[in-house]
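Okay, here's what each chain looks like letter by letter:
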2 protein chains.
Amino acid sequence: MTQFLKSFENLPPEKQAGWGFEQHGFTINDDGHIAIDGRVYEFSGQIYPRILPWLSSQLGVADLFQQQRIVSTFPPEVTVHPHAASVLAVLRDAFPDDGADDTADEGGGADDGGADGDNAYEGADTHGSMISTDPMLRLRLAHGHTMNDIYAIHCHDTFDAPDVVFSPSSREQIDAIIALATEHQFQLIPVGGATNVSLALEGHHGHHSENPEDAPVRVAVSTRRMNRILAIDRVNNTAHIEAGAIGRDIVYALEKEGYVLGHEPDSIEFSTLGGWIATRASGMKKNRYGNIEDLIVDVEWVTPMGTVQRTTNNPRESVLVDPNALILGSEGRYGIITSAVVRIFKRPETVAYESVAFASFAPGFDFMYALQQSGDVPASVRLVDTIQFQFSQLLKPAPTGSLAVIAKAKSTFQRWFITRVKGFDLNKMAACTIVYEGSAREVANQQATVKKLAAQFGGVLAGSDNARRGYALTFTIAYLRDFLFPYGVLGESFETSVAWDKAPALWQAVVAEAEKWHAEMGLPGKIIVTVRATQIYATGVTLYFYLGFQCDTAHADLSPIDQFAHIEHRCREVILAHGGSLSHHHGIGALRRGFLDPTNLRTQTADALKQWFDPQGVLLD
Amino acid sequence: MTQFLKSFENLPPEKQAGWGFEQHGFTINDDGHIAIDGRVYEFSGQIYPRILPWLSSQLGVADLFQQQRIVSTFPPEVTVHPHAASVLAVLRDAFPDDGADDTADEGGGADDGGADGDNAYEGADTHGSMISTDPMLRLRLAHGHTMNDIYAIHCHDTFDAPDVVFSPSSREQIDAIIALATEHQFQLIPVGGATNVSLALEGHHGHHSENPEDAPVRVAVSTRRMNRILAIDRVNNTAHIEAGAIGRDIVYALEKEGYVLGHEPDSIEFSTLGGWIATRASGMKKNRYGNIEDLIVDVEWVTPMGTVQRTTNNPRESVLVDPNALILGSEGRYGIITSAVVRIFKRPETVAYESVAFASFAPGFDFMYALQQSGDVPASVRLVDTIQFQFSQLLKPAPTGSLAVIAKAKSTFQRWFITRVKGFDLNKMAACTIVYEGSAREVANQQATVKKLAAQFGGVLAGSDNARRGYALTFTIAYLRDFLFPYGVLGESFETSVAWDKAPALWQAVVAEAEKWHAEMGLPGKIIVTVRATQIYATGVTLYFYLGFQCDTAHADLSPIDQFAHIEHRCREVILAHGGSLSHHHGIGALRRGFLDPTNLRTQTADALKQWFDPQGVLLD
């Protein structure tokens, strides 16, 4: 089994002010080396002496870690709407016992073969009350993990937040809150894991009211107490799961039953089933298990017009428009997802890893294409460019004792082989990370094809250790942004999908655009634009970029976040001009909404559906 | 390659008054044996001495073929709307040159690597004019292949048909006709292959106007001249194809380029790409290639509100609601599909067939389930019950010459082995027909799994000949309805999808319900209810039924078609009560629309989308 966490039990609470688990992340230790705090990851508790100088070099700022340039003032004060008290009174009146007797309160439990109480979301105390005005909870549910969000919570004095957090534990309570919101004209903001990178919780009208009194009071509807696995159907290979269940809890609960979920987005530690559906999420093993749209058999969602659900859980049907398809990508605008019947898979017989090193990104990309065409496509295939390859190599902890000698010898041999025998330049190399899952025979076939194609494109099989490292890197790299932030480095990921033949030009154009604006704006050091190809399809590929640079805190015209936003915006324009999608799996939110053409019938149709399901604007827009 | 036709060239025109190619179908020869006329099928030109007595026996009517009980009065007179002339004048005025100079007129052509003129739809002469009032063309485009349709064209004096047939050859002409229809308030009925079995062309308001003058004049918009393959993209594995292209023409054109389409619905000889999308069609090889929703990368469709299309042909995206998903199942109500970019596949390395005989349907069904769970799922897996198994065995032409001795010995041995060694009862047996497509290794793996599972469930491998026969049977059996019709036998297929564990009870309940009503209504002979499981999914299965019986032409209360409709309706109620879908791939049309709950938000949402895309009701509803 692929394990993104060393254990699923006794996890620390989630951080308030950044990504991840409390007391986890990168720090600089007393020796001036970078260390990874915490205990839940493979890399936790290790020291990585070579990372700091490498980061300074990559960002072209020699004294990068000498000075903290952004001083956090977290937490900001959260706004209070002048009419918040009256809405709160309405809620307290409607739910006098505050859900205290509700069994789902314990979190993570399951009536039928699901997770037990040990698996409860450890931060569930923050959702212990059905109705809360706790400012820290309101703040946390007011934002996702967009760079803009993180900048704002650390650097702004105030943060625009919902006034009340409502945490239902049943569909009936969601029905009730929608009825109340309709009657009393307050607005609901459905929230799952609050891990979006699209300003999804902002809503595109949310911040634009001239007079605060004219804007509706906002109530965050947190689904996190609706986190049960309601049923596992071993005949039809499905599980019925409440929408607020978190990815890691679902994984853990199903694992105990001999099943895997198959859906593993990078946010799986914190994101929810409902969030995956609402954002049309993609998992890294989609080659085997499919994306979220392939995994949902039936979704139940509640709108101000009523509940949408298919009448039978048949495998596939031709009956009008597919209601499941309408909620995908709705991002909370049409309704609140309450539960879904999803496909589940028997635990694969074999799990294996492989990595393949290439002289550069281009032959690695050709390898990926050929692998996709071959039909022997492993569960996950990702190609990282030089920067990410180097970073993954630096994430080798300093070995100790007799292991050090062996590790050094092995490492020296590998380097010798790759650089001398193959003639690879370490400053140009790329690497492909592969996760195999399936029957022993399927995996063996895929391995044979990988070996053959690697040779064809001049690749060198670099072993499963490198692959496991590359995979784990996904979950560790997410902490890097918060580590770099105080040093004035702003960074974020963004992604697109594009036809195969358009991908190379798109990638190069994004790099050029970022570098052009970085220079033109006179920003310090160098801009990092690093790419990985994360998903492959017969018809195209997903490119996932990271952008990072040290901002100029004394810039004459632009605040640090505006410097970042400007460059990111320009990169997105270039993506669109080169035939890339506005988003492959992050969705639109308020961040990318401005790129939609309001005169396009497709955009208008999405708005028409909003008008249909939510004619009075009860849900965020 | 699987070939459903012996040749794709020089095909006869399509029949006017029934299914299939002209001069093809079953007849009784001078010796009183059944023969299959024509030349395009494997079975064509052969004589099948044992079919007639078997049919008589199955239907429980000894003198079934002694007398023709239904005398066709085909063709019926087609209606003419009192205002038809004025609409015709509008059209002739708007399109004065009648498209005569349009290159697409030739049909089947392709600018880029597509089919050549030889592959043109041979019946295209009927679509040679952009504007036609030919009564036979109007009649043909007024109906599909629902039993009700066929009964009506043979037995009714008049048939309600559109007044004009408009056959555009470009999207611009579709834009224009929609603008004209909006301005002059006539109604458009999009038509592809007109092969529906759902009364899809009727529209659910079409026939209910009290005063004919109040109903709008109707114009059938036939897409059949828009049949070009516009581009084949060998890098991204897609083809851009106009919506009016017929399945067999697409297959043939792609085959020349080394590709397969993968989508092979039973109607592929006559149905169109646009029709597949509009009805959310399923192909028999969907295990390898996917259903139509898996195959479409991008669909262009024109609505009265404008054109819907994604902005880039990326492989997958998270951008609002997926516009492709909105047109699936729309059945012509939302817009007219003009073209689609679809996935194509390199011609498989290996194609093989297998059939597996089982003692009865139940172990065969368990075998199918186990095969699905194994992950080694062949491209097509179908399980037929005893009746269809017997029919396929009777479709062995009488061999001649020295072959007869060998064939007889082989047949005798097979029968001896199956009945004596395995103890199978020929009156209870079932058979599974398998088509393998893929790499030699994939096929070998699937074959090994089939062999293992066949043994596990007591099945006997019965060879590729039987499988090819079973496959070809699909295309031949479609002619049987028209052969039996004059003898008073009414028959039709209907289908559903259902979770695996609910399937056996559903099947038995349908049989019981049909037999109950057949007895209760005092109808002659016996009712045939035969089933095959045609599609398998991890989460469920598709059951495809045929229903047939000799009607009572002298029934006191019910006309023949009402006798049939009553039983079919009751069977559908039983399907729904047992958790089956209203349709797996045939769609709703006017035939099944009455089963939709108008108070269900899902139904209402489909209607809201109709209202959004077509606020003035320009398209049929």
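Bear in mind the structure is a predicted one, so any value in this text is a computation, not a measurement.

Engineer: Can you walk me through the pattern of salt bridges in this structure?
Structural biologist: When the charged atoms of two side chains with opposite charge come close together, those side chains can pair. Considering all chains together, one arrives at 56 salt bridges over all chains under this definition. Here B:D298 and B:R310 are joined by a salt bridge, their closest N and O atoms 3.9 Å apart. Here the residue B:D298 occupies a position in strand β13 (residues 296-303), and B:R310 occupies one in the loop between β14 (306-308) and α10 (323-327), the gap between them amounting to 12 residues. Both residues of the pair, B:D298 and B:R310, count as buried. What emerges from the salt-bridge pattern is a single network uniting A:R280, A:E293, B:R316 and B:D322.

Engineer: What am I meant to see in the packing of aromatic side chains here?
Structural biologist: Geometry of an aromatic ring pair is reported as the spacing of the ring centres plus the angle between the planes. Within this structure, the stated rule accounts for 56 aromatic pairs over all chains. Here A:Y471 and A:F475 contribute two aromatic rings whose centre-to-centre distance is 5.8 Å and whose plane-to-plane angle is 65°, an arrangement assigned as edge-to-face. Placement of the pair is A:Y471 and A:F475 together in helix α15 (residues 463-477), with a separation of four residues, close to one helical turn. With respect to class, A:Y471 is no different from A:F475; both count as buried. Note on B:F21 and B:Y41: the rings are 6.4 Å apart at their centroids and 50° apart in plane angle, and the pair reads as tilted. With B:F21 in the segment before β1 (25-28) and B:Y41 in the loop between β2 (34-37) and β3 (47-48), the pair connects residues that are 20 residues apart, well separated along the chain. Judged by its relative accessible area of 4%, B:Y41 is buried. These aromatic residues form a ring-pair network of at least three members: A:F4, A:F8, A:Y252, A:Y353, A:Y471 and A:F475. One Lys or Arg, B:K286, reaches over the ring of B:Y537 and ends 3.8 Å from the middle of that ring. Taking the ring centre of B:Y544 as reference, the NZ or CZ of B:R532 above it sits at 4.9 Å.

Engineer: Before we go on, may I ask you to explain the packing of helix α4 (residues 147-155) of chain B against helix α18 (residues 560-577) of chain B in this structure?
Structural biologist: For any two helices packed against each other, the geometry is given by the interaxial angle and the distance between the axes. Residues and elements named next belong to chain B. Where α4 meets α18, the closest approach of the two axes is 10 Å, and the angle between their N-to-C directions is 175°. With respect to their mutual orientation, α4 and α18 come out roughly antiparallel. Together, M147, N148 and Y151 of α4 and P560, I561 and F564 of α18 make up the contact between the two elements. Of the residues belonging to the contact of α4 with α18, the class tally is five nonpolar, one polar and no charged.

Engineer: Whenever I open this one, the packing of helix α17 (residues 503-520) of chain B against α18(B) confuses me. Can you help?
Structural biologist: All names here are of chain B. Running from N to C, α17 and α18 point in directions that differ by 150°, and their axes come no closer than 9 Å. Overall, the two elements α17 and α18 adopt an arrangement that is roughly antiparallel. For the element pair α17 and α18, the recorded crossing hand is right-handed. On the side of α17, the interface is formed by L506, A509, V510, E513, A514, W517 and H518, while α18 contributes H566, I567, R570, C571, V574 and I575. Grouping the amino acids of the contact of α17 with α18 by side-chain chemistry returns nine nonpolar, two polar and two charged.

Engineer: Mind showing me how you'd approach the sheet that holds strand β10 (residues 229-233) of chain B here?
Structural biologist: Residues and elements named next belong to chain B. With antiparallel pairing, five strands are arranged side by side in an open sheet as β10-β11-β15-β13-β14. Only two strands of the sheet have a single partner each, and these edge strands are β10 and β14. Each strand of the sheet is rotated relative to its neighbour by a mean of 10°, with strand direction disregarded. With five bridges joining them, strand β11 (residues 238-242) and strand β15 (residues 336-343) adopt antiparallel strand pairing. In the strand pairing of β15, H240 is matched with V341.

Engineer: Mind showing me how you'd approach helix α19 (residues 601-613) of chain B here?
Structural biologist: Residues separated by three or four positions in an α-helix point in the same direction, a consequence of the helix having 3.6 residues per turn. Residues and elements named next belong to chain B. The terminal C-alpha atoms of α19, which comprises 13 residues, lie 18 Å apart, in line with the 18 Å expected from a rise of 1.5 Å per residue. For α19, the full list of buried residues reads L601, R602, T603, T605, A606, A608, L609, K610 and F613. For α19, the N-terminal cap is N600; the gap from its side-chain oxygen to the backbone nitrogen of R602 is 2.7 Å.

Engineer: Just checking my understanding: could you explain the relation of the copies chain A and chain B for this structure?
Structural biologist: Taken together, a rotation about one axis and a shift along it account for how the two chain copies relate. Expressed as a screw operation, the relation of chain A to chain B combines 0.0 Å of axial shift with a rotation of 180°, fitting to an RMSD of 0.0 Å. One copy is carried onto the other by what is essentially a two-fold rotation axis. Taking C-alpha positions as the reference, the residue of chain A nearest the rotation axis is A:A325, at 3.1 Å. Looking at chain A, 99% of its interface residues are interface residues in chain B too, so the copies touch through the same face.

Engineer: What is the right way to read the nonpolar core from this model?
Structural biologist: Nonpolar side chains tend toward joint burial in soluble globular proteins. In terms of nonpolar packing, the biggest core is built from 172 residues, with A:I277, A:F483, B:I277 and B:F483 touching the most fellow members. Leaving out residues up to four positions away in the same chain, A:F483 has contacts with A:F26, A:T27, A:I28, A:I34, A:L52, A:L55 and A:F65.

Engineer: Just checking my understanding: could you explain the sheet that holds strand β21 (residues 489-499) of chain B for this structure?
Structural biologist: Within a beta sheet, neighbouring strands are joined by backbone hydrogen bonds and run either parallel or antiparallel to one another. All names here are of chain B. An order of β20-β17-β19-β18-β22-β23-β21 is seen for the seven strands of this open sheet, with the pairing classed as antiparallel. Edge positions in the sheet fall to β20 (460-461) and β21, since each has one partner strand and no second. When β21 meets strand β23 (residues 540-550), the two strands line up antiparallel, connected through 11 bridges. When the sheet's bridge partners are listed, L490 is paired in β23 with F549. Helix-sheet contacts for helix α12 (residues 386-394) involve β18 (380-384), β19 (430-438), β22 (528-537) and β23, and the interaxial angle to β22 is about 95°. Its contacts with the sheet put helix α15 (residues 463-477) on β17 (350-358), β18, β19, β20, β22 and β23, and the angle it makes with β17 is roughly 95°.

Engineer: I keep staring at the interface of chain A and chain B and nothing clicks. Help me out?
Structural biologist: One frequent convention defines the size of an interface as the accessible area lost when the parts assemble. Facing the 80 residues of chain A at the interface are 79 residues of chain B. Of the roughly 6100 Å² buried at the junction of chain A and chain B (both faces included), carbon and sulfur atoms supply 54%. On the surface where chain A and chain B come into contact, there are eight salt bridges. Among the ionic pairs, A:D376 bridges to B:R441, the shortest N-O distance being 2.5 Å. In this assembly, chain A and chain B are joined by 42 residue pairs in polar contact (both at pLDDT 80 or more). Considering every element that reaches the side of chain A that touches chain B, the biggest residue donor is helix α19 (residues 601-613) of chain A, with 10 residues. For the side of chain A that touches chain B, the residue count by class is 31 nonpolar, 33 polar and 16 charged.

Engineer: For this particular structure, what's the right way to read unusual backbone geometry?
Structural biologist: Peptide bonds are trans in most cases, and residues, glycine excluded, mostly fall at negative phi. Residue and element names in this part refer to chain A. Going from F74 to P75, the amide bond is cis rather than trans, its omega being -5°. Mapping P75 onto the fold places it in the loop between α1 (51-59) and β4 (77-78). With phi around 55°, Q185 is a residue other than glycine that occupies positive phi space. Tracing the backbone through its elements, the reader meets Q185 in the loop between α5 (171-184) and β8 (187-191). The exposed category is assigned to Q185, whose relative accessible area is 62%. Notably, L320 is not glycine yet its phi reads approximately 55°, a positive angle.

Engineer: For this particular structure, what's the right way to read helix α17 (residues 503-520) of chain A?
Structural biologist: Residue and element names in this part refer to chain A. Over its 18 residues, α17 runs 26 Å from end to end, which matches the ideal 26 Å to within 8%, given 1.5 Å per residue. Within α17, the full set of buried residues consists of A503, L506, W507, A509, V510, V511, E513, A514, W517 and H518. One or two positions beyond α17, positive phi appears at G522, with a value near 65°.

The rules we used
Residues numbered from 1 in each chain as written. Chains lettered and ligands numbered in written order. Predicted model: local features only at pLDDT ≥ 70, side-chain atom pairs only at ≥ 80, totals over all residues. Heavy atoms only, no water. Salt bridge = Lys/Arg side-chain N within 4 Å of Asp/Glu carboxyl O. Helix = DSSP H or I, 4+ residues; strand = E, 2+ residues; numbered from the N terminus. Buried < 20%, exposed > 50% of the residue type's maximum accessible area, 1.4 Å probe, protein only. Phe/Tyr/Trp six-rings, centres within 6.5 Å; stacked < 30°, edge-to-face > 60°. Lys NZ or Arg CZ within 6 Å of the ring centre and 35° of its normal. Axes fitted to C-alpha atoms, helices over the stretch in contact; angles between N-to-C directions. Parallel < 35°, antiparallel > 145°, perpendicular 65-115°, else oblique. Contact = heavy atoms within 4.5 Å. Nonpolar A, V, L, I, M, F, W, Y, C, P; charged D, E, K, R; others polar. Left-handed = near helix turned anticlockwise from the far one by under 90°. Pairing = 2+ DSSP bridges. Expected span 1.5 Å × (residues − 1). Polar contact = N/O pair within 3.5 Å; in protein donor to acceptor, adjacent residues only side chain to side chain. Least-squares fit on C-alpha atoms with pLDDT ≥ 70 in both. Core = buried A, V, L, I, M, F, W, Y, C linked by side-chain atoms within 4.5 Å. Buried area = accessible area lost by both parts, 1.4 Å probe.

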